[in-house]
Amino acid sequence: MKNFAYVRASSVKEAVQQGSNPGALFIAGGTNLVDRMKVFLDEPAQLIDITRLEMTQIEQTGAGLRIGALVSNTAVADHPDVRRNYPMLSRAILLGASQQIRNVATVGGNLLQRTRCPYYYDNAFACNKRVPGSGCAALTGINRIHALFGASDQCIAVHPSDMCVPLAALDAIVEVEGPQGKRQIPFTEFHRLPGDTPQRDSNLEPGELITAVVLPPASFAKSSVYLKLRDRASYAFALVSVAAAVEMAGNQIKTARLAMGGMAHKPWRFVEAETFLSGKSATAETFQQAAKIALQGAKPLAHNSFKVELAQRAIRRALAVSAKGGGVA
Ligand SMILES: Cc1cc2nc3c(=O)[nH]c(=O)nc-3n(C[C@H](O)[C@H](O)[C@H](O)COP(=O)(O)OP(=O)(O)OC[C@H]3O[C@@H](n4cnc5c(N)ncnc54)[C@H](O)[C@@H]3O)c2cc1C
Ligand code: SF4
C-alpha cells in the first residue's frame with residue numbers, strides 16, 4: 001500500500017472541507033475501499049474517517065423514513081419500519097455479502113461500492129474504469145456478468161449493489177453535503193451510465209459527502225419482493241436481481257414498480273413495464289407481457305444473452321409473488 005495521511009473527521013463540515021483536498025477519499029466501513037487499496041486500485045493521498053459523524057440514525061419524518069449514511073446494512077435490514085413498509089429493501093440487503101460484512105458496511109458505502117467486473121480488479125488487463133483510455137478487456141473477453149442496457153464502447157460493467165435496486169424502485173432520494181452546500185439527488189439520477197467517462201460511477205461532485213437516504217412513503221411497497229439469482233446460493237453477487245412491488249385495487253393492479261440489478265452500470269428501472277401493468281389484471285399473461293416489454297431494448301453481448309431469458313423469468317416470478325402480497329420469491 002502507498003503511504004497516506006489519515007484524519008478522523010469530527011463534524012460533517014470538517015469532513016467536507018477535508019474531502020476537497022486532492023486525492024482525498026472518505027472511508028466508512030472500509031469493506032470495499034480497503035480491498036481496492038490492497039490491490040492498488042485506489043491510492044488515496046488522504047483517508048478521511050467519517051465513522052464518528054452523526055449520521056447513524058433511522059428516523060421517521062413527514063416525508064418518509066430518513067436513513068443516515070452511516071447506518072449499517074444490518075441495522076437497515078432489521079429496522080421494523082423497513083421490514084414492515086419496504087420489505088424488498090430488507091430482503092435485498094439480507095441477500096448481500098455476509099452477516100459480518102453487513103454489520104460493518106454502511107448505507108453511503110454501499111451506494112458507492114464499485115463494479116465487480118473481474119478485469120477491473122486485475123492489472124494485467126486493460127480497463128477504462130481503472131485507467132481511462134486504456135481499453136476495455138471485457139468487450140472481447142468473458143462478459144457473461146456484464147450489462148444488457150446502457151453500456152458504451154468504453155465500458156460494459158454493471159453496478160453490483162443489491163440495496164440500490166429497491167432504492168431505485170422506491171424513488172429514494174440521496175441527501176448530500178459538499179463544498180457548495182446541501183442538495184438532494186433522486187436515486188435514479190445518482191449513479192451514471194459509463195458513456196466515455198466510465199471512471200465516474202456517480203454524479204457526486206468532488207468533496208461531496210452522502211449524509212442520508214430518504215425513502216418516501218410508498219403504500220405499494222408493502223407488497224414487494226426482492227429476487228436475486230446468482231451462480232451459488234449464498235455469498236455471491238447477482239447475475240440478475242429484481243425489486244418488484246404490486247399494489248392491488250380489487251382485481252386490478254393499482255401501482256407497480258420494477259427495477260433490476262445485474263442489468264446496467266446503474267440500478268435499472270423499467271418505467272414502461274410499470275405503466276403497462278397499471279390497471280391490468282394480475283394474471284400470468286400480464287406478467288409475461290410486462291417482462292417482454294422490460295427486456296425489449298436489451299443488447300446482449302457474446303456471453304450474456306442467457307440473462308435476457310433469466311431476467312424475464314425472474315420478473316414474472318417477482319411480480320406474481322408481489323401481487324399476492326409479497327414475501328419471499
Ligand atoms: C466478500 C464481499 C461480498 C460482498 N457481497 C455483496 C453482495 O452480495 N451485494 C452487495 O450489494 N454488496 C456486497 N458487498 C459489498 C458491500 O456491501 C460493500 O463493500 C459495502 O456496502 C460498502 O460499504 P462500506 O461502508 O464498507 O464502504 P467503504 O468501503 O468504506 O467505502 C466505499 C466507497 O464509498 C465511499 N464512501 C463511503 N461512505 C461515503 C459517504 N457517506 N459519502 C461519500 N462517499 C462515501 C468511499 O470513499 C469508497 O469510495 C460485498 C463485499 C465483500 C467484501
Ligand atoms: S467493463 Fe468497464 S470495468 Fe470492466 S474492463 Fe471494461 S472498462 Fe473496465
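Calculation notes
- Residues numbered from 1 in each chain as written.
- Chains lettered and ligands numbered in written order.
- Predicted model: local features only at pLDDT ≥ 70, side-chain atom pairs only at ≥ 80, totals over all residues.
- Heavy atoms only, no water.
- Helix = DSSP H or I, 4+ residues; strand = E, 2+ residues; numbered from the N terminus.
- Buried < 20%, exposed > 50% of the residue type's maximum accessible area, 1.4 Å probe, protein only.
- Phe/Tyr/Trp six-rings, centres within 6.5 Å; stacked < 30°, edge-to-face > 60°.
- 1 Å grid on protein atoms, 1.4 Å probe; cavity = no way out; pocket = protein on both sides within 12 Å on 5 of 7 lines; lining within 4 Å.
- Points joined across faces, edges and corners; volume = space filled by probe spheres on them.
- Nonpolar A, V, L, I, M, F, W, Y, C, P; charged D, E, K, R; others polar.
- Pairing = 2+ DSSP bridges.
- Axes fitted to C-alpha atoms, helices over the stretch in contact; angles between N-to-C directions.
- Contact = heavy atoms within 4.5 Å.
- Polar contact = N/O pair within 3.5 Å; in protein donor to acceptor, adjacent residues only side chain to side chain.

Notes on unusual backbone geometry
And then number 1: For D171, which is not glycine, the phi dihedral falls at a positive 55°.
And then number 2: Relative to the assigned elements, D171 resides in the loop between helix 9 (164–169) and strand 6 (173–178).
And then number 3: Residue classification places D171 among the partly exposed positions, given a relative accessible area of 34%.

Some remarks on the packing of aromatic side chains
And then number 1: Per the stated rule, a full pass over the model turns up five aromatic pairs.
And then number 2: The interplanar angle of 80° and the centroid separation of 4.9 Å between the aromatic rings of Y120 and Y121 together place this pair among those described as edge-to-face.
And then number 3: You can call Y121 partly exposed: its relative accessible area is 24%.
And then number 4: The interplanar angle of 20° and the centroid separation of 5.4 Å between the aromatic rings of F149 and W268 together place this pair among those described as stacked. Of this pair, F149 sits in the loop between helix 8 (137–140) and helix 9 while W268 sits in strand 12 (residues 268–269), and the two are 119 residues apart along the sequence. Taken individually, F149 and W268 each receive the classification buried, so the pair is uniform in this respect.

A closer look at empty space enclosed by the protein
In this approach, a probe sized like a water molecule rolls over the atoms, and the result shows the empty space that is left.
And then number 1: Taken as a whole, this structure holds three cavities of 30 Å³ or more when the rule is applied.
And then number 2: For the largest cavity, the lining is made up of 15 residues, of which C117, C127, K129, C136 and C155 are closest to its centre.
And then number 3: Split into classes, the residues belonging to the lining of the largest cavity amount to ten nonpolar, four polar and one charged.
And then number 4: The calculated volume of the second largest cavity comes to roughly 50 Å³.
And then number 5: What lines the second largest cavity is Q113, R114, T115, K129, V158, H159, D201 and H265.
And then number 6: When the residues that make up the lining of the second largest cavity are grouped by side-chain class, the tally is one nonpolar, four polar and three charged.

Let's talk about the sheet that holds strand 8 (residues 209–215)
And then number 1: With antiparallel pairing, the five strands of this open sheet are ordered in space as 4-5-8-6-7. Only two strands of the sheet have a single neighbouring strand rather than two, namely strand 4 (58–61) and strand 7 (181–186). Averaged over all neighbouring strand pairs, the angle between strand axes comes to 25°, with direction disregarded.
And then number 2: With four bridges joining them, strand 5 (residues 64–68) and strand 8 adopt antiparallel strand pairing. Bridging from a neighbouring strand, R66 pairs with V214 of strand 8.
And then number 3: Contacts from helix 1 (residues 12–19) reach strand 6 and strand 8, with the element oriented near 125° to strand 8.

Overview of the side chain of R257
And then number 1: Residue position: R257 is located in strand 11 (residues 252–261).
And then number 2: Given a relative accessible area of 16%, R257 falls into the buried group.
And then number 3: Only 3.4 Å separates the side chain of R257 from the backbone oxygen of A169, close enough to count as a polar contact.
And then number 4: The residues contacting R257, other than those within four sequence positions of it, are A169, D171, F220, A243, A244, A245, R269 and E274.

Some words on the layout of surface pockets
And then number 1: Taken as a whole, the second largest pocket encloses approximately 180 Å³ of empty space.
And then number 2: Its residues assigned to classes, the lining of the second largest pocket shows three nonpolar, three polar and seven charged.

Considering the pairing of strand 10 (residues 240–249)
And then number 1: Strand 10 sits mainly inside the fold: eight of its ten residues count as buried.
And then number 2: Sheet topology note: the strand 9 (residues 224–229)/strand 10 ladder contains six bridges and is antiparallel. Within strand 10, the position partnered with S224 by the bridge is A245.
And then number 3: The pairing of strand 10 with strand 11 spans nine bridges and is classified as antiparallel. Bridging from a neighbouring strand, V246 pairs with A256 of strand 11.

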